[in-house]
Amino acid sequence: MEDDAPVIYGLEFQARALTSQTAESDAIRFLVGTQSLKFDNQIHIIDFDDENNIISKSVLLHQAGEIWHISASPADKAVLSTCYNKTSESRVVTCGAVWRMPPEWESGSHESPDDPHNSHNPQNLELLCHLDNSAHGNASSVLWEPMGDGKRVISLADNHALLWDLTESSTQATISSSATLEGKGQLKFTSGKWSPHHNCTQLATANDTAIRGWDLRTMSQIYCIENAHGQLVRDLDFNPNKQYYLASCGDDCKVKFWDVRNINEPVKSLEEHSHWVWSVRYNHSHDQLVLTGSSDSRVILSNMVSISSEPFGHLVDDDDLSDGEDNHQDENKEPLQDSIISTYEEHEDSVYAVEWSSADPWLFASLSYDGRLVINRVPRALKYHILL
């Protein structure tokens, strides 16, 4: 069974910001934000034609500054947010903003990346609103409410988590509540994730070596994993099918899996990378598939089946495991073994972001700092093993 070759797309600028277009469930589409100090920054809209293995792109200008974080609205394909650097009174500040793509971007203006005439006159993004947090410090990320209507976002700025309400047209944002990280020294959120569970009332954040959980109804802390990693925690992700499970990664080269009901130790720990791990992502449909990207230039796809919602190869409820009676058929069946499925080495620079496609659960993209975007697929043999 021959696996398809990876498809590689090169941006002319350095880049570290990647997201899939969350609201798009038909086309395979990723958004990439560039980091250039000399030229206008850009957002590349990358479409992937799965049948013909071809990438097409369109480019939009992001003149506000170099992009450190990008995320897409879950409700409106044309709306996205960025965190970007700009110079203000001879110091660099990081701001957050919500943007709309011009109406033409979807009307077939995509070009092949090899076309010499492409990106001759890219259009500007339309600014909808600033998440103006100059009083609260530098924005590190903007998180959209999962499965929401695209009207609630959280921005993490230095040691503040700010919950914003957007107006119907998204042209105005007001802070509805906020939480502040208290403690000694200069505390700073490095990343966060809005949980899709518990009616979207929980947020997890990372700062230094700690992971904290917050209740968004009261903006109060509900748990804290003090030394989750030996060094800085870089990224978090919630298991989409198991409400208490959370993955984290960091500068100690480790990826850890937590059950937040018991925070004394991780449920599982992986040590496959040889440098800082920048990004961890659960597959949206099959939560045993976990992607990680690291500054060892590698992307690793792991099969964490023992702590997934399908430990025996089919869906198991937490309640089923505690009911003695009904699971006779599983008594003699060993849980499947966790394994590293594949290590992808198409990058030559630090991999800062990995993302699963919103449209195709077997396809993912990774982005390294030199502007190389690689699209890969889950190996066919494993895909059929999971499906059949």
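Residues numbered from 1 in each chain as written. Predicted model: local features only at pLDDT ≥ 70, side-chain atom pairs only at ≥ 80, totals over all residues. Heavy atoms only, no water.

- Looking at an unreviewed UniProt entry, one finds the protein named EARP complex and GARP complex interacting protein 1, with Salmo trutta as its source organism.
- You can read under Sequence similarities (unreviewed entry) in the UniProt record for the protein the words "Belongs to the WD repeat EIPR1 family." (UniProt positions renumbered as here; feature names shortened; annotations may be inferred.)

**Overview of the overall build of the protein**
- The secondary structure content of the protein amounts to three helices and 29 strands.
- Counting every position in the protein, which comprises 388 residues, the buried fraction comes to 55%.
- The long-range fraction of contacts in the protein, counting pairs at least 24 apart against all pairs at least 6 apart in sequence, stands at 52%.
- On the protein, roughly 17,300 Å² of surface is accessible, and the fraction owed to carbon and sulfur atoms is 44%. (Helix = DSSP H or I, 4+ residues; strand = E, 2+ residues; numbered from the N terminus. Buried < 20%, exposed > 50% of the residue type's maximum accessible area, 1.4 Å probe, protein only. Contact = heavy atoms within 4.5 Å. Areas by Shrake-Rupley, 256 points an atom, 1.4 Å probe, with all protein chains shown as cover.)

**Points about the pattern of salt bridges**
- In the structure shown here, the tally under the stated rule is 17 salt bridges.
- Two residues, D4 and R380, come together in a salt bridge whose shortest N-O distance is 3.0 Å. In this pair, D4 sits in the segment before β1 (7-10) while R380 sits in helix α3 (residues 380-387), placing the two residues 376 residues apart along the sequence.
- The partly exposed category is assigned to R380, whose relative accessible area is 27%. (Salt bridge = Lys/Arg side-chain N within 4 Å of Asp/Glu carboxyl O.)

**Side note on the side chain of S71**
- Relative to the helices and strands, S71 resides in strand β6 (residues 67-72).
- In terms of polar contacts, S71 uses its side chain to reach the side chain of S81, at 2.7 Å.
- Here the side chain of S71 touches W144 through a polar contact of 3.4 Å, side chain to side chain.
- The contact partners of S71, leaving out residues within four places of it in the chain, are T19, L80, S81, V142 and W144. (Polar contact = N/O pair within 3.5 Å; in protein donor to acceptor, adjacent residues only side chain to side chain.)

**Side note on the sheet that holds strand β12 (residues 152-157)**
- The four strands are arranged β11-β12-β13-β14 in an open sheet whose pairing can be described as antiparallel. The open sheet has two edge strands with one neighbour each: β11 (139-144) and β14 (173-180). On average, each strand axis in the sheet is tilted by 25° relative to the strand beside it, whichever way the strands run.
- Summarising the sheet, β12 and strand β13 (residues 160-166) pair through six bridges and their orientation is antiparallel. Along β13, the bridge assignment pairs V153 with W164. (Pairing = 2+ DSSP bridges. Axes fitted to C-alpha atoms, helices over the stretch in contact; angles between N-to-C directions.)

**Regarding the pairing of strand β28 (residues 363-368)**
- Summarising burial for β28: six of the six residues are buried, a large majority.
- Because side chains alternate across β28, one face comprises the buried residues L363, A365 and L367, and the other comprises F364, S366 and S368, equally buried.
- Relative to β28, strand β27 (residues 351-356) is paired through five bridges, and the arrangement is antiparallel. In the sheet register, A353 faces β28, and the bridge partner there is L367.
- Counting the residues in the hairpin turn of β27 and β28 gives six residues.
- Across six bridges, β28 lies against strand β29 (residues 372-377) in antiparallel orientation. Bridging from a neighbouring strand, F364 pairs with N376 of β29.
- Here β28 hands over to β29 after three residues, with G371 in that stretch at a positive phi of 85°.

**Describing the state of the cysteines**
- Counting across every chain of the model gives zero disulfides.
- Cysteine C83 shares no disulfide, and the gap to the nearest cysteine sulfur, in C95, comes to 9.0 Å.
- Note on C95: relative accessible area 13%, which makes it buried. (Disulfide = S-S within 2.5 Å.)

**Remarks on the sheet that holds strand β21 (residues 255-259)**
- Overall, antiparallel pairing links the four strands, which are arranged β19-β20-β21-β22 in an open sheet. In this open sheet, the two strands that pair with only one neighbour each are β19 (233-238) and β22 (268-270). Here the average twist between neighbouring strands, direction ignored, is 20°.
- Bridging between strand β20 (residues 245-250) and β21 involves five bridges; their strand directions are antiparallel. Bridge assignment links Y245 to a residue of β21, and that residue is D259.

**A closer look at the confidence of the model for the protein**
- Here the protein averages 89 in pLDDT, and 89% of its residues register 70 or above.
- Here residues 323-331 scores under 50 on pLDDT; set against residues more than four positions off or in separate chains, the count is five contacts. (pLDDT = per-residue confidence, 0-100.)

**Some words on the packing of aromatic side chains**
- Scanning all chains against the criterion turns up nine aromatic pairs.
- Taking 6.2 Å as the distance between ring centres and 80° as the angle between the ring planes, the aromatic pair formed by F189 and W214 counts as edge-to-face. Of this pair, F189 sits in the loop between β14 and β15 (191-194) while W214 is found in strand β17 (residues 210-215), placing the two residues 25 residues apart along the sequence.
- By relative accessible area, F189 is classed as buried at 3%.
- On the accessibility criterion, W214 (4% relative accessible area) is buried. (Phe/Tyr/Trp six-rings, centres within 6.5 Å; stacked < 30°, edge-to-face > 60°.)

**Notes on the environment of L143**
- The topology assignment puts L143 in strand β11.
- Sequence separation between L143 and I70 is 73 residues, and the spatial gap between their C-alpha atoms is 9.3 Å.
- When near neighbours in sequence (up to four residues on either side) are disregarded, L143 contacts R152, V153, I154, L156, G192, K193, W194 and L203.

**Comments concerning the environment of T292**
- As for its placement among the helices and strands, T292 is situated in strand β24 (residues 289-294).
- The exposure class assigned to T292 is buried, which follows from its relative accessible area of 3%.
- The residues touching T292, leaving out its near neighbours within four places in the chain, are V255, H273, V277, S279, V280, R298, V299, I300 and V354.

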